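Observations on chain architecture
Take a look at the letters that make up each chain.
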Amino acid sequence: MTLPLGSIDPAYRIYLTLAQYPTLRRRIRTKMRNELIQRGILPSATFEEMVRQQAIDSQQREGLLDAIGDEAPEEWKLRLDVVRDQLTDVSFANNLPFEIFEALVKDVLAERGAESEDLLRTFNPELASQEALFEQAMAISRMAPDQRRRHEAREREIKVVLLKSMISDQLAYINIAKEWFTLDDLLEIRRYKIGKGKVGGKAAGMLLALRILQAVAEEDIVKNVDIPDSYFLGADVMYAFMSNNGMMHWADQKYKDEDVIRTEYEQIKEEYAAGSFPEDILLELSVMLEKIGRQPIIVRSSSLLEDNFGSSFAGKYASFFCPNQGTHAENLRALAQAIAAVYASALNPDALLYRRSHGLEDYDERLAVLIQVVQGEAYGRYYFPHFAGVAFSRNLFRWSPKIQRDAGFVRLVAGMGTRAVDHVGNDYPRLVALSHPELRAQSDPRSIRTYSQHYMDVIDLEDNTFETLPFTDVLDGRYPHLRLAASLYREGDLSPIRSMVGADNELVLTFDGVVRNTPFAERMRRILAHLEKKYSSPVDMEFTMRVFERDGKPEIELFILQCRPQSHLHEVAVRLPERLDKQAIVFATSKVAPHGRATNIRYALFVTPQGYYGLPNSQARGELTRAISKINKVLEGEEFICVGPGRWGTSTPDLGVSVSYADIYNTRALVELSGEGVGPAPEPSYGTHFFQDLIESRIYPLAVHLDDADAIFNNAFFYEAPNHLTDWAPELDGLQNTLRLIHVDDVAPGQVMELIMDSESGRAVAFLKEESRDE
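Structural notes, computed from the coordinates. Only a predicted model underlies this, so the values are computations on that prediction, with no experimental measurement involved. (Residues numbered from 1 in each chain as written. Predicted model: local features only at pLDDT ≥ 70, side-chain atom pairs only at ≥ 80, totals over all residues. Heavy atoms only, no water.)

**Thoughts on the environment of Gln-136**
Defined as follows: Under the scheme used here, helices are H or I runs from DSSP no shorter than 4 residues and strands are E runs no shorter than 2 residues, and both carry numbers assigned from the N terminus. Residue exposure (1.4 Å probe, protein chains only): buried if accessible area is under 20% of the type maximum, exposed if over 50%, otherwise partly exposed.
For Gln-136, the position within the fold is in helix H7 (residues 130-141). Taking relative accessible area as the criterion, Gln-136 reaches 5% and is therefore assigned buried. When the C-alpha atoms of Gln-136 and Ile-158 are compared, they prove to be 8.2 Å apart, with 22 residues separating the residues in sequence.

**Some thoughts on the pattern of salt bridges**
Applicable threshold: Whenever a carboxyl oxygen of Asp or Glu lies within 4 Å of a side-chain nitrogen of Lys or Arg, that contact is scored as a salt bridge.
With the rule as written, the count across this model stands at 50 salt bridges. Salt-bridge contacts for Asp-463 lead to Arg-381; the nearest nitrogen and oxygen are separated by 3.2 Å. Within this pair, whereas Asp-463 is found in the loop between strand S12 (455-460) and strand S13 (465-470), its partner Arg-381 is found in the loop between strand S7 (377-379) and strand S8 (382-384), the two being separated by 82 residues in sequence. For Asp-463, a relative accessible area of 47% puts it in the partly exposed group. Of the residues examined, Arg-381 reaches a relative accessible area of 27% and is grouped as partly exposed. The salt bridge partner of Glu-532 is Arg-394, with a shortest N-O separation of 2.8 Å. Separated by 138 residues along the polypeptide, Glu-532 in helix H24 (residues 520-535) and Arg-394 in the loop between strand S9 (387-392) and strand S10 (409-414) bring together distant segments of the chain. Since its relative accessible area comes to 15%, Glu-532 is described here as buried.

**A short note on helix H12 (residues 201-216)**
Defined as follows: A helix is expected to span 1.5 Å multiplied by its residue count minus one.
With 16 residues, H12 should reach 22 Å at 1.5 Å per residue; the first-to-last C-alpha distance of 22 Å fits that figure. The element H12 is extensively covered by neighbouring structure, given that 13 of its 16 residues are classed as buried.

**Overview of the packing of aromatic side chains**
Which entries qualify depends on this criterion: Here a pair means two rings of Phe, Tyr or Trp (six-membered ring of Trp) with centres within 6.5 Å. Their orientation is stacked below 30 degrees between planes, edge-to-face above 60, and tilted elsewhere.
Within the structure shown, the criterion is met by 22 aromatic pairs. A ring pair is formed by Phe-392 and Phe-409, whose centres lie 6.1 Å apart and whose planes are at 40°; its orientation type is tilted. Pair noted here: Phe-392 is in strand S9 and Phe-409 is in strand S10, with a separation of 17 residues, a long-range link. Judged by its relative accessible area of 1%, Phe-409 is buried. Between Phe-606 and Phe-718, the ring centres sit 5.0 Å apart and the planes meet at 55°, which makes this aromatic pair tilted. Of this pair, Phe-606 sits in strand S21 (residues 603-607) while Phe-718 sits in helix H29 (residues 715-720), placing them 112 residues apart in sequence. Here Phe-606 matches Phe-718 in class, with each residue buried. The rings of Phe-606, Phe-713, Phe-717, Phe-718 and Tyr-719 are connected pair by pair, giving a single aromatic cluster.

**As for the packing of helix H3 (residues 44-61) against helix H4 (residues 73-95)**
Put simply, the rule reads: For helices, the axis comes from a line fit to the C-alpha atoms of the stretch in contact; other axes are also lines fit to C-alpha atoms, and the angle between any two N-to-C directions lies between 0 and 180 degrees. Angles are sorted into four bins: roughly parallel if under 35 degrees, roughly antiparallel if over 145, roughly perpendicular if 65 to 115, and oblique for all others. Put simply, a crossing is left-handed when the front helix is turned counterclockwise from the back one by less than a right angle, and right-handed when it is turned clockwise. Should any heavy atoms of two residues lie within 4.5 Å, those residues are counted as being in contact. Note on residue classes: Ala, Val, Leu, Ile, Met, Phe, Trp, Tyr, Cys and Pro are nonpolar, Asp, Glu, Lys and Arg are charged, and everything else, Gly too, is polar.
One way to put it is that H3 packs onto H4 with a least axis distance of 9 Å and a crossing angle of 120°. Relative to H4, the element H3 is oriented oblique. In the crossing of H3 with H4, the sense of the turn from one axis to the other is right-handed. Here H3 contributes Phe-47, Glu-48, Met-50, Val-51, Arg-52, Gln-54, Ala-55, Ile-56, Ser-58 and Gln-59 to the contact with H4, which in turn contributes Trp-76, Arg-79, Leu-80, Val-83, Arg-84, Leu-87 and Thr-88. Its residues assigned to classes, the contact of H3 with H4 shows nine nonpolar, four polar and four charged.

**Observations regarding the sheet that holds strand S3 (residues 230-233)**
Put simply, the rule reads: Here, strands pair whenever DSSP counts at least two bridges between them.
Across the sheet, five strands lie side by side as S1-S3-S6-S4-S5; this open sheet has mixed pairing. Looking at which strands have only one partner, the edges of the open sheet turn out to be strand S1 (193-194) and strand S5 (319-322). Looking at chain direction, strand S4 (residues 297-303) and strand S6 (residues 367-373) are connected through seven bridges and run antiparallel. Across the sheet, the residue bridging to Ser-303 is Leu-367, located in S6. Sheet strands in contact with H12 are S3, S4, S5 and S6, and its direction is about 105° off that of S4.

**Let's talk about the packing of helix H15 (residues 258-273) against helix H18 (residues 349-357)**
The interhelical angle for the contact between H15 and H18, taken along N-to-C directions, is 155°, at an axis separation of 9 Å. Classified by the angle between their axes, H15 and H18 sit roughly antiparallel to one another. Seen along the crossing, H15 lies across H18 with a hand that is right-handed. Where H15 abuts H18, its residues Glu-258, Ile-261, Arg-262 and Tyr-265 lie against Pro-349, Leu-352, Leu-353 and Arg-356.

**Description of the environment of Leu-163**
Looking at the element boundaries, Leu-163 is found in helix H9 (residues 152-166). Each C-alpha atom, one on Leu-163 and one on Phe-181, is 8.7 Å from the other, the two residues being 18 residues apart in sequence. Setting aside residues no more than four positions away along its own chain, Leu-163 makes contact with Ser-168, Ile-174, Ala-177, Lys-178, Phe-181 and Leu-186.

**With respect to the pairing of strand S18 (residues 553-565)**
Counting buried positions along S18 yields 11 of 13 residues, so the element is predominantly enclosed. Bridging between strand S2 (residues 225-226) and S18 involves two bridges; their strand directions are parallel. Its bridge partner lying in S18, Asp-226 is registered against Phe-559. Bridge count between strand S17 (residues 539-550) and S18: 12 bridges; the pairing is antiparallel. Within S18, the residue paired with Met-545 across the bridge is Leu-558. Hairpin geometry of S17 and S18 is characterised by an intervening segment of two residues between the two adjacent antiparallel strands and by a positive phi of about 55° at Asp-551.

**Observations regarding the nonpolar core**
Which entries qualify depends on this criterion: Definition of nonpolar core: a set of buried residues of the types Ala, Val, Leu, Ile, Met, Phe, Trp, Tyr and Cys, connected through side-chain atoms within 4.5 Å.
Grouped together as the largest cluster of nonpolar side chains are 126 residues, with contacts concentrated most on Ile-167, Tyr-272, Leu-285, Ile-339, Tyr-343, Phe-520 and Met-524. Once you skip the residues sitting within four places of it in the chain, Ile-167 turns out to touch Leu-162, Tyr-173, Phe-181, Leu-186, Ile-189, Lys-198, Val-199, Gly-200 and Ala-204. Counting residues in hydrophobic clusters, the runner-up holds 29 residues, among them Ala-669, Val-744, Ala-748 and Leu-755.

**A word on the side chain of Arg-84**
This is how it is decided: Here a polar contact is recorded for every N or O atom pair within 3.5 Å, except that within protein the pair must consist of a potential hydrogen donor and a potential acceptor, and residues adjacent in sequence are included only if both atoms are side-chain atoms.
Tracing the backbone through its elements, the reader meets Arg-84 in helix H4. Classification of Arg-84 as buried rests on a relative accessible area of 18%. One polar contact links Arg-84 to Glu-48, side chain to side chain, over a distance of 3.1 Å. Ignoring sequence-local partners within four residues, the contact set of Arg-84 consists of Arg-33, Phe-47, Glu-48 and Val-51.

**Quick look at the side chain of Ser-168**
Relative to the helices and strands, Ser-168 is located in the loop between H9 and helix H10 (171-177). With a relative accessible area of 6%, Ser-168 lands in the buried category. At a separation of 3.1 Å, a polar atom in the side chain of Ser-168 contacts the main-chain amide nitrogen of Gln-170. Here Ser-168 is in contact with Leu-163, Tyr-173, Ile-174 and Lys-198, once residues within four sequence places are set aside.

Read these as geometric descriptors, not functional statements.
What follows is the structure in structure tokens.
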């Protein structure tokens, strides 16, 4: 990181917070007054007369007319002392630079033994300010080795308190971070921080991952892993923004009814967009932009709960790119609007209902903001990273028995990493199993071509906008890294690019060159292994990648954008029944499946493919989404699964059912149907933010390709059983042809459905069985 945020001197704040040392405070003020007198700024007699007159003025404001007679001598003396101290502060601040003040503070601390063991024994880190904590920590660091060893416990306590006050108070994080961060690290973070409050979970994870790798990784990783230039807007600034704009009445939004939360969100977004920031914050943001210059930036949420153990909040809060190519005033306005929009996203229904379903509703969830320079470079008019993606230290979905689960997995894209983590339409990242990087989920060239990345997210430097464009509009034959990113498709075959590419050549983004000709896969595997070991948990990490040449070979530099504990299903022992009556099977698949079990399922919510694809327009599909959300709400407490055509959670309704986490969080499984008459098999969504929501909530994603020889789908169960849709939600009358709610007991009285997914055998089966009261 470079470009520290200004030179705001902490000395004055140190002085203000030395309340637990009144003697030191009095001594500092005495030196300040002497400095004013010796420099001729304020003669002693003049100063004391000003003190007396201002004390009398304060009495008159309180209704006291006789300065001596109406106030006891000790109260009059106390009044003089208070006025004298205030006048000292104001006179010094208005006439002398902070450098002089800092020297006075250091003189007093040295004279009065601020570094002495007596002071350390009376110092309470939990009640002290950050400035006092840093001062005490540095005092310990200046001690002789033998003396310092006696205070190792106090030094550790100070570091933990600083971690809790600056970064995160999540104990699982503190237990790891305290072993790796140094006080110098924390000082560096403070230099880049704007406003009060913690820097939040996203920033915390990024910083910790870099610190761990710098300490334990091999030399090639240490030299080639970094983080983007980053600035941290403290979490308390969100409340300052709300207070500045009269928005504190929205603070209770999390306790409102779900329908109200959804209805009021549009108004919230409008009010936040019209809001303004306190002048001091706006000034610091302006200084920051001057230091960044015209580099594009991204404004990212970094909430206090985000990227925590057990609740990643993946994709719950907004992030916004700021191209930063306008005038300074325009760029500052765009930045402020982006930050306000991030704050508004704290109250979006998906986030609030996620918190509610995870038992986090009562937590004071403030949003810090992480502002980062976008790592990348310009090619023509467009700016983007060479490559980007998200990596996981555990591969929960193996498409071949050769793949090692604990070797890790990557979703890799060209351009901005948004296309690796978002559930976007008919666009597909390269899936890289790090144990076998060249082993694809698809085998034939036509399928590889179909299930490849077709669009890139970029910043248009000329139009000052964020754009999604066909990758052929961005990359051409002169692009220096084309051979790493793309392959030639000709007559049903794929081949490496070995010469200049002409306009008549068809390119496919295969990333074969990255996998085969750079150290990416092997190095990423080691990075993830280091982080998983030190986290004592599987991790996932978002990154960008820069390619450069070293000794005639392509070399890579990775930039960590965030790192967090990986969302994973709780391991349970499952085994498919050895003997199973085919008549009892509801559906079965050998597609890539998670490992787990869902029991006592009483309902199945079925979106009929014919009804769904027969809906006339996007408005009708939006009504269906709201209907699914309604059933999700009324079935709370019941065990049910959702079955439908195409990809659940897609942003492209033509490809499947467009829902968010807030629409399906009570279900136990999302089953995606594909095949003739239904639609193409969706690419695995493993690794997207939507997928992580499902895994955290123990919602199993599953695919059934009806054309597979060993696939089973019981049409009678789904199409002939009574439809209970309007029994639970009468207002949904008219949707029965598209949405069917099936009660298992109607098909098999006294029985329930059980879903077993055995990833070792690569088979998942849902079947009917007698209800077990013990489960």
